[in-house]
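Single-letter residue listing:
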Amino acid sequence: MRIGRSSSGFSERTRSALILLLFTCLMAASGWLWRWDLLLYDLQMGVMTRPPADDVVIVAVDEKSLEALGRWPWSRQVHAELVDRLTQAGARAIVLDILFAESDRIDPEADIQLIQSIAASERVFMPVIPEQHRQDDMPVESMPLPALSNVAAGLGHVHMDLDADGIARGVFLYEGLGQAYWPHLMLTLLNWLQPEEGRLQSTPVSMQAPSTHLIGRHTHRLIPFSGPAGHYHRYSYSQILEGDFPPDLFRDRIVLVGITATGIGDALPTPVSGHGVLMPGVEINANILDSLRRDETITPVGYLPHLSASALIVVLPFVLYPYFPTRSAPLVSLALVVGFLFINWILLRGAEIWFPPSAGLLGLMLSYPLWSWRRLDQAVRYLNEQLESMQLEQRLLPVQQPPDDMTSAMAFLSRLLPLQGWVLYDAGSGKQLLQDGEPLGAPLDFLTQGAWQRSGAEIWILIQRSETGWQLGLVWPRNAVPQGRSLQVVTDFALQFSFKPQEKRGSVLERVELRMQQMRETNTHLQRFRNLIGNAVEQMDDGLMVINSLGQVVMSNPRASFYLGHGSDRELWGEDAYRLLKALEMPGGEQWREVFRKVMLHGEPIRFEAFRSPDTELFVQLKSLDGLDAGMHGMIVNLSYIGTIKRSERTRAKMLNFLSHDIRSPITSLLSLTQSRQMREGSAKELAEQIEPLARRSLKLAGNFLRLARAEAAEATSFTDTDFVTVAHNAMDESYVQAKSRRITLQRRFEEDEIWLQGDPGLLERALLNLLENAVKFSPEQGQVSMTLRLQGSELVCEIADQGPGIPRDQLNSIFLPFTQAESIDASQGRGMGLGLSFVKVVAEKHHGSVVAKNAESGGAVFSLSLPCEEKAPALKSG
C-alpha cells in the first residue's frame with residue numbers, strides 16, 4: 001500500500017514538474033518576458049557601484065557655464081581657449097564631445113583659431129554622429145569640418161544603442177553608414193593611448209549593410225556602469241576658462257568635454273539612472289572608456305544554455321518539496337526565489353554574465369501554487385472516495401416536526417416579524433390543518449419546495465414531508481413583506497419542518513461491503529469527536545445555548561440550565577428560548593423582543609448585564625448564526641457569571657472610602673501639627689518647615705489617587721445634562737489664584753455660549769483644572785495660558801495652550817499613563833506623581849471622548865480634549 005501511494009505521489013510530482021518545465025521553456029524561448037528581464041537587469045545594476053577612474057575628468061557645459069558665457073552655441077574661440085588651457089595643464093588626452101560640422105559664417109577667424117589649437121595640442125579627439133537628414137529623412141553621418149578632422153588625433157562614432165524600452169544599456173563598438181568602418185570614439189582614444197595593448201582594432205572593418213542608406217554595426221557590448229549620473233569627477237567649463245583649478249588637476253588625465261546642461265545636449269536613461277535622472281552622453285562615454293580600459297564587458301548567456309538552465313531551475317522545487325513539512329513549503333519556495341536572484345546578481349556583478357531570470361523566476365513562483373494545487377486535488381479525490389457517504393449527514397434536528405409545533409413556532413416568528421396571519425394546508429388532500437390570525441386565500445398553484453412565491457401581501461411555500469407535503473401561507477402588511485435577512489429567517493423556519501424521504505440506492509449495492517467498513521470507521525471517529533465537543537461544552541463555566549429559527553433551544557450545557565434556574569440541561573432542549581430568557585431582568589428597560597430582532601434579523605451582537613432573582617448576576621452575550629456556515633439560522637446565547645466581579649467592585653468602593661479616611665486624616669493632622677510648630681522657635685520650627693511640603697505632597701497624592709479611582713468607577717448611567725461652557729468658566733476661575741501668584745495671564749476664547757452634553761460636571765471641571773494647573777505650572781512667569789472652546793461637527797473641542805518648554809516627541813502619548821512625567825521638566829518647577837493627566841484621560845474616555853497632546857509651532861504644549869455633545873439644549877423641566 002505504501003509503495004502504491006509513493007509511486008502515485010512520484011508520478012503526480014513528475015507530471016507537475018513536466019508541466020512547469022514546458023511552460024518555463026515556452027516563456028524563455030518566446031521572449032515574452034523581455035520587459036521583466038530588462039527591469040531586473042536595471043535593478044541589479046543599481047544595487048552596487050564602484051569608484052570612478054581617478055584619471056578621467058569631465059569638463060561640463062552646464063548651467064553655470066551658460067550663465068557665465070552666454071547662450072549656446074559659443075564662439076569657436078572659446079573652445080580654442082579651452083583646448084589651449086587643457087593642453088597647457090598637461091592633459092593626456094582631450095575628447096571634445098561637441099560636433100563642429102559647419103563653418104562659423106559670422107567669425108571665420110574663430111574656426112582658424114580652433115583648428116590651430118587642436119593641431120598644436122595633438123591630443124584632441126572628435127565625434128562622428130549619425131543622424132537623420134532634415135530634408136529626405138535619410139540617415140547621414142555628421143562629421144567635424146575637414147580641416148578639424150585632419151588635425152584631430154582621432155575620430156569615432158558616439159551613437160548609443162537604445163533597447164526596446166528606450167534605455168541605453170549597450171553600445172556597438174563599430175558603426176557606419178553602409179559599412180561599420182567607424183570605431184567608437186572611446187575605442188579610438190584607448191588605442192591611441194595604449195597602442196601596444198591592441199584590445200580591439202580601431203581601423204575600419206568590413207561589416208557591409210544591405211544598403212548604403214542603412215547603418216552597419218558590429219561588436220555589441222553591454223556597459224557595466226560604474227554608478228549613476230554625476231558619479232565621475234566633473235568641473236564647469238567656465239571654471240576652467242577662468243583658471244579656477246589646481247595646477248596639477250589635469251596633468252596626465254583624460255579630459256572629456258561635453259554638454260550636461262538640460263535641453264541642449266544628449267542625455268539618455270540608463271540602468272543606473274533611477275527616479276527619471278538622465279545621464280549625459282559625455283558621462284556615458286566615460287563609463288564606456290572605463291569598461292574598455294578594464295577590459296570588462298557583460299556577456300549574455302547563449303540561447304540554449306539559457307533555455308536549459310531555466311528548465312533545470314524550475315524542476316528543483318519538486319525535488320525539494322517532499323523532504324520538507326507541508327507548512328515549510330512556502331518558506332522553501334521563498335528561499336529558492338531569493339537564492340536564485342542572489343546567484344543571478346553574483347553572475348552579473350561578479351562574473352559579468354547576464355542570465356535573463358524572468359522565465360526561471362516565474363517558474364519558481366508558480367511551483368508552490370502548482371504543487372499545492374496538485375496535492376490538494378489528489379487529497380480531494382482520495383477523500384471523495386473514502387467519505388462519499390458523509391454527504392448524507394443528518395441535520396442537527398433529525399426528527400419530524402409534528403403539526404402541533406407549528407402553533408408555538410408561529411408565535412415565536414410573530415415576535416420577530418409583523419406577521420398578521422398564517423394557514424397550513426395538506427398538499428395531498430387540500431385539507432386545512434391549522435390557521436391563526438387574518439384569513440388567507442386559497443394556496444397558489446405550482447408551489448416549489450424551498451422557495452417562497454408572493455401574491456400581494458401573501459407568500460406561500462411547499463414543505464416536503466415523508467409521504468406528502470404541506471402548503472404554508474403567511475400574510476404581512478403590504479410594506480413589510482420579508483426581504484433580505486428576514487426572508488432567510490422565514491425560509492429556514494419553513495425548512496425546519498421539511499423531511500426528505502430516504503432515497504433508494506440500489507445502484508451502489510455492489511459497493512456496500514466496502515462502504516460499510518468505511519462507515520464504521522468514520523462513524524467511530526465522528527462519535528468520538530461529538531463526545532469531545534459535548535464534554536467540552538458541559539465543562540464550560542459559562543452557560544451556552546444555541547437557538548434555531550423556531551425559537552427553540554437545540555443545544556445547551558448544564559451551566560446554562562443552572563443560571564436559568566433549571567435542574568438539567570435536557571430540560572431546556574426544545575423549550576421556548578423567549579420564555580426562558582424572560583426570567584432575566586435587563587437594564588434600561590429594554591425588551592427581549594427587541595433584542596431577538598436585533599440579533600436574528602440584523603445580525604447585531606448584543607452584550608449586557610442581567611439579573612435573575614434572588615442573587616444571580618450575569619453577563620449575557622448574543623450573536624447570530626450564519627445559515628451558510630452553521631446549516632441553520634438562529635443565535636448563540638452565552639451566560640457568564642459576574643457575581644464575584646460585582647462583589648469585588650463593591651469591595652473596591654469600600655476600600656476607596658477607607659483610603660480616603662485613613663490616608664487623608666493623618667496627613668491633615670500632620671499639617672495642623674507642623675503649622676502650630678512654626679509658631680515656635682528653634683529646631684522644632686526647622687523640622688516643621690521640612691515636614692510641611694512633604695505632607696502637602698502626600699495629601700495631594702492621596703487626593704489625586706482618590707479622584708482617579710472615582711473617575712475609573714464612574715458610570716454613564718449617573719451622567720446628567722451638563723453645560724460644558726459653565727464647567728470651563730468654573731475651572732478658569734478656580735485656577736486664577738495659582739496663575740496670579742506667577743503673574744500669568746489666563747485667556748478665554750469661547751466660540752459658544754452653551755454646549756450641552758451628558759456627563760459628570762465635577763469630573764469634567766477637575767479634568768480641566770488639572771490641565772490648567774499643568775499649563776500654569778510649566779509656563780514662564782508673566783506668560784500666558786489660553787483655553788479655546790469650539791464645536792467641530794458633533795463634538796466639542798477644548799484646547800489649553802501654554803508657553804512652557806513643550807513635551808519631547810517620543811513622550812507625547814506616554815504622559816497620559818499613571819506616574820509618568822515628561823523628562824524635559826525642569827526640577828525647579830517641581831515634579832508631581834503623574835496622576836493628573838492620567839485622570840484627564842480616564843474622564844475623557846468615560847465620556848466617550850479623547851485627549852491628545854502636541855507641541856505648538858511657536859513653542860509650548862497644547863492639550864486638546866474632544867467630547868461628543870448634544871445638538872440641542874435639553875428641555876427645561878417644570879418644577
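Residues numbered from 1 in each chain as written. Predicted model: local features only at pLDDT ≥ 70, side-chain atom pairs only at ≥ 80, totals over all residues. Heavy atoms only, no water.

**Quick word on the overall build of the protein**
Our working definition: Note on conventions: DSSP H or I runs of at least 4 residues are helices, E runs of at least 2 residues are strands, and numbering of each starts at the N terminus. Relative accessibility decides the category of a residue: with a 1.4 Å probe and only protein chains considered, values under 20% of the type maximum give buried, values over 50% give exposed, and everything between is partly exposed. The contact rule is simple, with two residues in contact once any of their heavy atoms fall within 4.5 Å. The method behind every accessible area is Shrake-Rupley, applied with a 1.4 Å probe, and residues are considered shielded solely by the protein chains displayed.
On a plain count of helices and strands, the protein comes out with 25 helices and 32 strands. Within the protein, the fraction of its 879 residues that count as buried is 43%. Across the protein, the fraction of contacts at a sequence separation of at least 24, relative to all contacts at a separation of at least 6, is 69%. Within the structure as shown, the protein displays about 47400 Å² of accessible surface, and the carbon and sulfur contribution to it stands at 54%.

**Concerning the packing of aromatic side chains**
Where we set the bar: The rule is short: rings of Phe, Tyr and Trp, with Trp giving its six-membered ring, pair when the centres are within 6.5 Å, and they are stacked under 30 degrees, edge-to-face over 60, tilted in between.
Summed over the entire model, instances satisfying the criterion amount to 19 aromatic pairs. Judged by centre distance (5.8 Å) and plane angle (75°), the rings of Y578 and F596 are edge-to-face. Remark: F596 occurs in helix α18 (residues 592-602) and Y578 occurs in helix α17 (residues 577-581); sequence separation between them is 18 residues. For the pair Y578 and F596, one class covers both residues: buried. An aromatic cluster is built from F412, Y578, W592, F596 and F608, whose rings are joined through pairwise contacts.

**Quick word on the pattern of salt bridges**
What counts here: Salt-bridge detection follows one rule: a side-chain nitrogen of Lys or Arg within 4 Å of a carboxyl oxygen of Asp or Glu.
Evaluation of the coordinates by the stated rule reveals 20 salt bridges. Here D111 and R76 are joined by a salt bridge, their closest N and O atoms 2.7 Å apart. Placement of the pair is D111 in helix α5 (residues 108-121) and R76 in helix α4 (residues 76-88), with a sequence separation of 35 residues. A single burial state applies to D111 and to R76, both of which are buried.

**Some words on the environment of G551**
In this structure, G551 sits in the loop between β21 (543-548) and β22 (553-556). Under the relative-accessibility criterion, G551 is labelled buried at 1%. Setting aside residues up to four positions removed in sequence, G551 forms contacts with F412, E575, D576 and A577.

**Structural notes on the packing of helix α7 (residues 185-193) against helix α9 (residues 281-293)**
As a reminder, the rule being used: Axes here mean lines fitted to C-alpha atoms, for a helix over just the part in contact, with angles spanning 0 to 180 degrees between N-to-C directions. Angle categories: roughly parallel below 35 degrees, roughly antiparallel above 145, roughly perpendicular from 65 to 115, and oblique for all the rest. By definition, any crossing whose near helix is turned counterclockwise from its far helix by less than a right angle is left-handed, and any crossing with a clockwise turn is right-handed. When residue character is reported, Ala, Val, Leu, Ile, Met, Phe, Trp, Tyr, Cys and Pro are called nonpolar, Asp, Glu, Lys and Arg charged, and the others, Gly included, polar.
Here α7 crosses α9 at 45°, and the two axes come no closer than 9 Å. Between α7 and α9, the angle falls in the class oblique. Read as a crossing pair, α7 and α9 show a hand that is right-handed. The segment α7 lies against α9, with M186, L187, L189 and L190 engaging N285, I288, L289, L292 and R293. Class assignment for the residues of the contact of α7 with α9 results in seven nonpolar, one polar and one charged.

**Focus: the packing of helix α2 (residues 34-45) against helix α11 (residues 329-349)**
Direction vectors running N to C along α2 and α11 enclose 70°, while the axes themselves pass 10 Å from each other. Considered as vectors, α2 and α11 are oriented roughly perpendicular to each other. In the crossing of α2 with α11, the sense of the turn from one axis to the other is right-handed. Taken together, the residues of α11 that come into contact with α2 (itself represented by Y41, Q44 and M45) are L341, N344, W345, L348 and R349. Across the contact of α2 with α11, the residue classes tally to five nonpolar, two polar and one charged.

**Brief notes about the sheet that holds strand β16 (residues 421-426)**
To keep things clear, this is the line we draw: By definition, two strands form a pair when at least two bridges between them are found by DSSP.
Pairing is antiparallel across the open sheet formed by five strands, whose spatial order is β17-β16-β20-β19-β18. The sheet terminates laterally at β17 (432-437) and β18 (453-455), the two strands that pair on one side only. Taking the axes of each pair of neighbouring strands and ignoring which way they run, one obtains an average angle of 15° across the sheet. When strand β19 (residues 458-464) meets strand β20 (residues 469-475), the two strands line up antiparallel, connected through seven bridges. Along β20, the bridge assignment pairs E458 with V475.

**Examining the sheet that holds strand β24 (residues 616-625)**
Sheets are built from strands paired through backbone hydrogen bonds, the pairs being either parallel or antiparallel. Taken together, five strands build an open sheet; the order of strands is β22-β21-β25-β24-β23 and the sheet is antiparallel. Looking along the sheet, the strands with just one partner apiece sit at the ends: β22 and β23 (606-612). Recorded for the sheet is a direction-independent mean angle of 25° between the axes of neighbouring strands. Here β21 runs beside β22; their pairing, made up of three bridges, is antiparallel.

**Overview of the pairing of strand β28 (residues 756-759)**
Burial along β28 is one-sided: the face carrying L757 and G759 is buried and the face carrying W756 and Q758 is not. Where strand β26 (residues 720-723) and β28 come together, four bridges link them in antiparallel fashion. Its bridge partner being in β28, T722 is matched across the sheet by L757.

**Details of the nonpolar core**
Applied cut-off: As used in this record, nonpolar core signifies buried Ala, Val, Leu, Ile, Met, Phe, Trp, Tyr and Cys residues forming a set joined through side-chain atoms within 4.5 Å.
Formed by 53 residues in total, the largest nonpolar core has its most connected members in L472, L474, W592, V620 and L622. Contacts of V620, omitting those with residues within four sequence positions, involve L584, W592, I606, R607, F608, A610, V637, N638 and L639. In terms of nonpolar packing, the next biggest core, distinct from the first, is built from 41 residues, C798, I800, I815 and F816 among them.

**Overview of the environment of A147**
Examined against the element boundaries, A147 turns out to sit in helix α6 (residues 146-151). Residue classification places A147 among the partly exposed residues on the basis of a relative accessible area of 33%.

**Some thoughts on α11**
This is how it is decided: Helix span is expected to be 1.5 Å times the residue number reduced by one.
Taking 1.5 Å per residue, 21 residues should reach 30 Å; α11 reaches 30 Å between its end C-alpha atoms and fits that length. Within α11, burial applies to A329, V332, S333, L336, V337, F340, N344, W345, L348 and R349.

**Quick word on α7**
Most of α7 is tucked away: eight of the nine residues are buried. Buried within α7 we find L185, M186, L187, T188, L189, L190, N191 and L193.

**Notes on a nonpolar patch on the surface**
For clarity, the threshold we go by: Any residue with relative accessible area above 30% and no salt bridge may belong to a patch, with like charges joined within 9 Å and the nonpolar Val, Leu, Ile, Met, Phe, Trp and Tyr side chains within 5 Å.
There is a patch of nonpolar side chains on the surface, built from L316, V319, Y323 and F324 and spanning about 430 Å² of accessible area. With respect to the helices and strands, F324 occurs in the loop between α10 (303-320) and α11. Of the residues examined, F324 reaches a relative accessible area of 39% and is grouped as partly exposed.

**Things to note about the side chain of N770**
Mapped onto the fold, N770 is located in helix α24 (residues 761-778). On the basis of relative accessible area, N770 is assigned to the buried category, the value being 9%. If we skip the residues at most four places from it in the chain, N770 touches G836, F839 and V840.

**Re the side chain of S779**
Take S779: it is sitting in the loop between α24 and β29 (784-792). Residue class for S779 comes out buried when judged on its relative accessible area of 1%.

**Comments concerning unusual backbone geometry**
The omega torsion across W72 and P73 is 5°, close enough to zero to call that bond cis. Note that P73 resides in the loop between α3 (63-69) and α4. In this structure, the amide linkage connecting S613 to the following residue, P614, adopts the cis form with an omega of 5°. Secondary-structure assignment places P614 in the loop between β23 and β24. Even without being glycine, Q782 reaches a positive phi, approximately 65°. Considering the arrangement of structural elements, one finds Q782 in the loop between α24 and β29. According to the relative accessible area criterion, Q782 is exposed, its value standing at 57%.

**Re the confidence of the model for the protein**
Threshold: pLDDT measures the predictor's confidence residue by residue and takes values from 0 up to 100.
Confidence along the protein averages 79 in pLDDT terms, with 80% of residues attaining 70 or more. Every residue in residues 391-400 is under pLDDT 50, and counting partners more than four places away or in other chains gives 16 contacts. The low-confidence segment residues 503-512 (pLDDT under 50) makes three contacts with residues lying over four places distant or belonging to another chain.

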